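# Residue-level structure breakdown
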Amino acid sequence: MHDKITAMLRERGVTLESIARLVQDLQRPYNPQLSLEECLVHVEKVIKKREVQNAVLTGLTLDIYAEKGLLPEPLQSILIRDDPLYGVDEVLALSITNIYGSIGFTTFGYLDKVKTGILENINVKREGTVNTFLDDLVAAIAAAAAARLAHH
Ligand code: MG
């Protein structure tokens, strides 16, 4: 399952290294010496959690099916538009940050606002691409890994 999730993310243009880089950027003010390798260790630990794998599997499957035009209406149109009132993408991502408590939640909100690094890339609107769930899932994994780091 871990390999499946990693492969799914990679197919959607997101490597675990790019998520680790978000974690490193988040931690830089508190820990400027923190290496990318250490951040990657925490990202890997987050990805190993069953709740995280289920959230990624569900969200990315919906993105992929929307991209292929395979979902029933009105969900198909909602996901294609990335309707800001939909909100289920954020709620699903919160099931990831919740594992690590309120720090994860706050950091997720911050990343969702600033959209740096790989998140900026994901949010560029490309014709025929649906990343409605991907941006929130990636921000949540980074936030959870940063919270995990802070706890250790
Ligand atoms: Mg979204």
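Heads up: the structure comes first, above all this text.
In this text, all values refer to a predicted model and were calculated from it rather than measured experimentally. Residue numbers here run from 1 along each chain, matching the order of that chain's written sequence. Only residues with pLDDT of at least 70 are given local features in this predicted model, and only at 80 or more are side-chain atom pairs given and counted; all residues enter the totals for whole chains, interfaces and linings. Side-chain numbers here rest on the full set of heavy atoms in the structure, without hydrogens or water.

Elements are defined by DSSP. Helices are runs of H or I of four residues or more, strands are runs of E of two residues or more, and each kind is numbered from the N terminus. Assigned secondary structure in the chain consists of 9 helices and 0 strands. To get the radius of gyration, use the C-alpha atoms; to get the globule rule, take the number of residues to the power 0.38 and multiply by 2.2 Å. Computed over its C-alpha atoms, the radius of gyration of the chain comes to 15 Å, within 12% of the 15 Å expected for a compact globule of 152 residues. Here the C-alpha coordinates of the chain stretch approximately 50 × 30 × 25 Å along the principal axes. Under the scheme applied here, a residue whose accessible area is under 20% of the maximum for its type counts as buried, over 50% as exposed, and between as partly exposed, the area being computed with a 1.4 Å probe on protein chains only. For the chain, with 152 residues in total, the buried portion stands at 45%. Across the chain, the fraction of contacts at a sequence separation of at least 24, relative to all contacts at a separation of at least 6, is 73%. Only the protein chains shown count as cover for residues, and the accessible areas themselves come from Shrake-Rupley with a 1.4 Å probe. If you sum the accessible surface of the chain, you get close to 7900 Å²; carbon and sulfur atoms cover 56% of it. Only four residue types enter the tally: Lys and Arg on the positive side, Asp and Glu on the negative side, with His and both chain ends excluded. Here the site of a charge means atom NZ of a Lys, CZ of an Arg, CG of an Asp or CD of a Glu. Across the chain, the 16 positively charged side chains and the 20 negatively charged ones have centroids separated by 4 Å. Contacts are residue-level and defined by heavy atoms, with any inter-residue pair within 4.5 Å sufficient.

Glancing now at the coordination of the magnesium ion. Coordination of the magnesium ion by the protein comes from Asp89 (OD), Thr132 (O), Asp135 (OD) and Asp136 (OD), over a distance range of 2.1 to 2.7 Å. Counted as donors are the N, O and S atoms within 2.8 Å of the metal, or 3.2 Å for Na, K and Ca, while water is not among the atoms, so some sites may look incomplete. Here the donor residues of the magnesium ion are spaced in sequence according to D-x42-T-x2-D-D. Here aspartate 89 is found in helix α6 (residues 88-97), whereas its partner threonine 132 is found in the loop between α8 (118-122) and α9 (134-151), with 43 residues between them in sequence.

Quick look at α9 now. Here, expected helix span is obtained from the residue count minus one, scaled by 1.5 Å. Compared with an ideal rise of 1.5 Å per residue, which puts 18 residues at 26 Å, α9 spans 26 Å between its outermost C-alpha atoms and is within 8% of the ideal. With 16 of 18 residues buried, α9 lies mostly within the body of the structure.

Turning next to the nonpolar core. Note on soluble globular proteins: their nonpolar side chains tend to be buried together. Among buried residues, the Ala, Val, Leu, Ile, Met, Phe, Trp, Tyr and Cys ones that are joined through side-chain atoms within 4.5 Å form a nonpolar core. If you look at the biggest cluster of nonpolar residues, it comprises 49 residues, and the most contacted ones within it are Leu9, Ile19, Val43, Ile96, Val138 and Ile141. In terms of residue count, α9 provides more of this core than any other element does, 13 residues in total.

Right, let's get into the pattern of salt bridges. For this document, the term salt bridge refers to a Lys or Arg side-chain nitrogen within 4 Å of an Asp or Glu carboxyl oxygen. Here the structure, examined in full by the defined rule, presents 4 salt bridges. A salt bridge links glutamate 67 to arginine 12, with the nearest nitrogen and oxygen atoms 2.6 Å apart. In this pair, glutamate 67 is assigned in helix α4 (residues 50-67) and arginine 12 in the loop between α1 (2-11) and α2 (16-27), connecting sequence segments 55 residues apart. By relative accessible area, arginine 12 is classed as buried at 15%. Notably, a salt bridge pairs aspartate 112 with lysine 115, separated by 3.2 Å at the nearest N-O pair.

What follows deals with α6. Inspection of α6 places Asp89, Leu92, Ala93, Ile96 and Thr97 among the buried residues, and these make up the whole buried set. The buried residues of α6 all sit within an arc of 155 degrees when viewed along its axis, so they share a single face. Note that the arc is computed from the directions linking the helix axis to the C-beta atoms.

A few words now on the environment of arginine 81. Mapping arginine 81 onto the fold places it in helix α5 (residues 75-81). At 3.1 Å, the side chain of arginine 81 and the side chain of aspartate 83 are in polar contact. In the analysis that follows, any N or O atom pair within 3.5 Å is treated as a polar contact, provided that within protein one partner can donate a hydrogen and the other can accept it, and provided that, for residues neighboring in sequence, both atoms belong to side chains.

This part is about the side chain of threonine 132. A residue is classified by how much of its surface remains accessible, and threonine 132, at 1% relative accessible area, is buried. A distance of 2.7 Å separates a polar atom in the side chain of threonine 132 from the backbone oxygen of leucine 79. When residues no more than four places from it in sequence are discounted, the contact partners of threonine 132 are Asp63, Leu79, Asp82 and Asp89.

To characterise two packed helices, one gives the angle between the axes of the helices and the distance between these axes. Axis lines are fitted to C-alpha atoms, over the contacting stretch for helices. Their N-to-C directions set the angle, which ranges from 0 to 180 degrees. One can describe the packing of helix α3 (residues 36-47) onto α9 by two numbers: an axis separation of 9 Å at closest approach and a directional angle of 115 degrees. The angle between the axes of α3 and α9 places the two elements in the roughly perpendicular class. Of the two possible hands of crossing, α3 and α9 adopt the one that is right-handed. The segment α3 lies against α9, with Cys39, His42, Val43, Lys45, Val46 and Ile47 engaging Ile141, Ala144, Ala145, Arg148 and Leu149. Note that Gly is not counted as nonpolar here; it falls among the polar residues with everything else outside the nonpolar set of Ala, Val, Leu, Ile, Met, Phe, Trp, Tyr, Cys and Pro and the charged set of Asp, Glu, Lys and Arg. When its residues are assigned to classes, the contact of α3 with α9 shows 8 nonpolar, 1 polar and 2 charged. By the definition adopted for this analysis, an angle is roughly parallel if under 35 degrees, roughly antiparallel if over 145, roughly perpendicular if from 65 to 115, and oblique otherwise. Left-handed describes a crossing whose near helix is turned anticlockwise from the far helix through less than a right angle; right-handed describes the clockwise counterpart.

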